Amino acid sequence: MSGESLWPRIAGLALVVDGCEYDRLHATMAYEFDRVTTQVRLVGAGTDGLGEDISVFREDGTTLHETGRMPPLAGEWTLASFCDHLSGLELWPEPPEYDGALRFRNWAFESAALDLALRQAGRPLHDVLGLTPRPVRFVNSLGLGETPSIEPVRRRLARSPGVGFKLDAEATWGSALVEEVAAT
């Protein structure tokens, strides 16, 4: 199966969309960084599917929950026809600062649609894909702060000793900190 696209296995999933809702999500991250995103909820046939728009980091008038703009999504679709329809819609009041945000916003709706289609079919993703589920390993991605320190890593390890990390290295990290991180 190496290199085979799994898209054909899910593209034909039936999907009924009756409506769309947005919920504001907010978290204060390390070093008092506020992170705002929008949860996209597609509703249909008595259930819902969720996705998250991570295209902007702060409320600036372009988040989905701020604009409240609801694209025309209601109808009966396959997952493929829904995604094709979505690709032709304008999901931004004005073009975003960077092109990646366009894909992130589309993915919010596409992932909500996949979640909804799977719930409507009453099947888990691995079953539709014909795969055997295996354990998933999560990795925590973080920086070490304006004044870099190993402490954020230590706090997380104290709570979850088996957690893995992807650290966003900075030029301000001294050799002692790099050695401490490597030893951890």
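Going by the structure above, here's the rest.
Given the structure is predicted, the values throughout are model-derived calculations rather than measurements.

Digging into the sheet that holds strand β2 (residues 19–28)
- Spatial strand order, β2-β3-β4: three strands in an open sheet with antiparallel pairing. Where the open sheet ends on each side, the last strands, each with one partner, are β2 and β4 (47–53). Pairs of neighbouring strands in the sheet enclose a mean axial angle of 25°, with direction left out of account.
- As paired elements, β2 and strand β3 (residues 34–44) share 10 bridges and run antiparallel to each other. Paired with L25 across the two strands is T37, which belongs to β3.
- The strands touched by helix α4 (residues 100–121) are β2, β3 and β4; relative to β4, the strand with the most contacts, the crossing angle is about 160°.

Some points on the layout of surface pockets
- In this structure, the largest pocket encloses a volume near 510 Å³.
- Lining the largest pocket are 20 residues, and of these M29, F33, S141, L142 and G143 sit closest to its centre.
- Breaking the lining of the largest pocket down by element, the ones donating at least two residues are β3 and β6 (139–142).
- Considering each element in turn, the lining of the largest pocket owes the most residues, three residues, to β6.
- When the residues that make up the lining of the largest pocket are grouped by side-chain class, the tally is eight nonpolar, six polar and six charged.
- Computed from the structure, the second largest pocket encloses a volume of approximately 170 Å³.
- The wall of the second largest pocket is formed by 13 residues, among which S55, V56, R58, D60 and E97 lie closest to the centre.

Conventions adopted
Residues numbered from 1 in each chain as written. Predicted model: local features only at pLDDT ≥ 70, side-chain atom pairs only at ≥ 80, totals over all residues. Heavy atoms only, no water. Pairing = 2+ DSSP bridges. Helix = DSSP H or I, 4+ residues; strand = E, 2+ residues; numbered from the N terminus. Axes fitted to C-alpha atoms, helices over the stretch in contact; angles between N-to-C directions. Contact = heavy atoms within 4.5 Å. 1 Å grid on protein atoms, 1.4 Å probe; cavity = no way out; pocket = protein on both sides within 12 Å on 5 of 7 lines; lining within 4 Å. Points joined across faces, edges and corners; volume = space filled by probe spheres on them. Nonpolar A, V, L, I, M, F, W, Y, C, P; charged D, E, K, R; others polar.

Any link to function would need more than the numbers given here.
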